[in-house]
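# Structural overview
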Amino acid sequence: QVLLVESGGGLVQSGGSLRLSCIASTSIRSFYAMGWYRQAPGKERELVASITSGGNTVYADSVKGRFTISGDNAKNTVYLQMNSLKPEDTAVYYCNAVTYGSKPYWGQGTQVTVSS
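Residues numbered from 1 in each chain as written. Predicted model: local features only at pLDDT ≥ 70, side-chain atom pairs only at ≥ 80, totals over all residues. Heavy atoms only, no water.

Another point: the packing of aromatic side chains. Taken as a whole, this structure holds two aromatic pairs when the rule is applied. Here Y32 and Y100 contribute two aromatic rings whose centre-to-centre distance is 5.9 Å and whose plane-to-plane angle is 75°, an arrangement assigned as edge-to-face. Within this pair, whereas Y32 is found in strand β4 (residues 31–39), its partner Y100 is found in the loop between β9 (91–99) and β10 (104–106), the two being separated by 68 residues in sequence. Since its relative accessible area comes to 43%, Y32 is described here as partly exposed. Note on Y100: relative accessible area 53%, which makes it exposed. With a centroid separation of 5.0 Å and an interplanar angle of 70°, the aromatic rings of Y37 and W106 are classed as edge-to-face. (Phe/Tyr/Trp six-rings, centres within 6.5 Å; stacked < 30°, edge-to-face > 60°. Helix = DSSP H or I, 4+ residues; strand = E, 2+ residues; numbered from the N terminus. Buried < 20%, exposed > 50% of the residue type's maximum accessible area, 1.4 Å probe, protein only.)

Below, the structure is given as structure tokens:
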């Protein structure tokens, strides 16, 4: 059983920054990719950013240039650095990991609220 535990969410003013962390209960090298998704009230869950084991990254157009995903193999942790936050970034952010066998795992989510 793989556990993903997110932290770092909170309330921040528009233009501010937050860094989300996702700690995995196993080596993140065991995953094909890890990523961050978000879900705002009344909306579908959407991909924010992902990173493969080879270091390739993908970002949603809405966060390009503002968010950065990175991983620390030694700490089994994936980060999402979020800068220039906007009220529309308000959502529950979920950590996701996908194994080489395409099995997904999800964290419990962390709330990010950006006030205007």
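To continue, consider the nonpolar core. By size, the foremost hydrophobic cluster in this structure holds 30 residues, and its most contacted members are L4, M34, W36, L80, M82 and Y93. Among the secondary structure elements, those contributing two or more residues to this core are β3 (18–24), β4, β5 (46–52), β7 (67–72), β8 (77–82), β9 and β11 (110–115). Once you skip the residues sitting within four places of it in the chain, L4 turns out to touch C22, I23, A24, M34, C95, N96, A97, Y105, W106, G107 and Q108. (Core = buried A, V, L, I, M, F, W, Y, C linked by side-chain atoms within 4.5 Å. Contact = heavy atoms within 4.5 Å.)

Throughout the structure, instances matching the rule amount to one disulfide. Paired through a disulfide, C22 and C95 show a sulfur-sulfur distance of 2.0 Å. One quick way to see it: the torsion about the S-S bond of C22 and C95 is about -80°, and its sign makes the bridge left-handed. Here C95 lies in strand β9 and C22 lies in strand β3, a separation of 73 residues in the sequence. (Disulfide = S-S within 2.5 Å.)

With five of its six residues buried, β8 lies for the most part within the structure. The pairing of β3 with β8 spans six bridges and is classified as antiparallel. Residue pairing in the sheet places L18 in a bridge with M82 of β8. As paired strands, β7 and β8 are joined by six bridges and run antiparallel to one another. Across the sheet, the residue bridging to T68 is Q81, located in β8. (Pairing = 2+ DSSP bridges.)

As a further point, take the pattern of salt bridges. A pair can form between side chains of opposite charge whenever their charged atoms are brought close. Counted according to the given criterion, the structure contains four salt bridges. We note a salt bridge from R38 to E46, for which the minimum N-O separation is 2.7 Å. In this structure R38 comes out as buried when scored by relative accessible area, which is 6%. Of the charged contacts, one joins D89 and R66 as a salt bridge, the two residues approaching to 2.8 Å between their closest N and O atoms. Remark: R66 occurs in the loop between β6 (57–59) and β7 and D89 occurs in the loop between β8 and β9; sequence separation between them is 23 residues. On the basis of relative accessible area, R66 is assigned to the buried category, the value being 10%. Through salt bridges that share partners, R38, E46, R66 and D89 make up one connected network. (Salt bridge = Lys/Arg side-chain N within 4 Å of Asp/Glu carboxyl O.)

Structural measurements only, silent on function.
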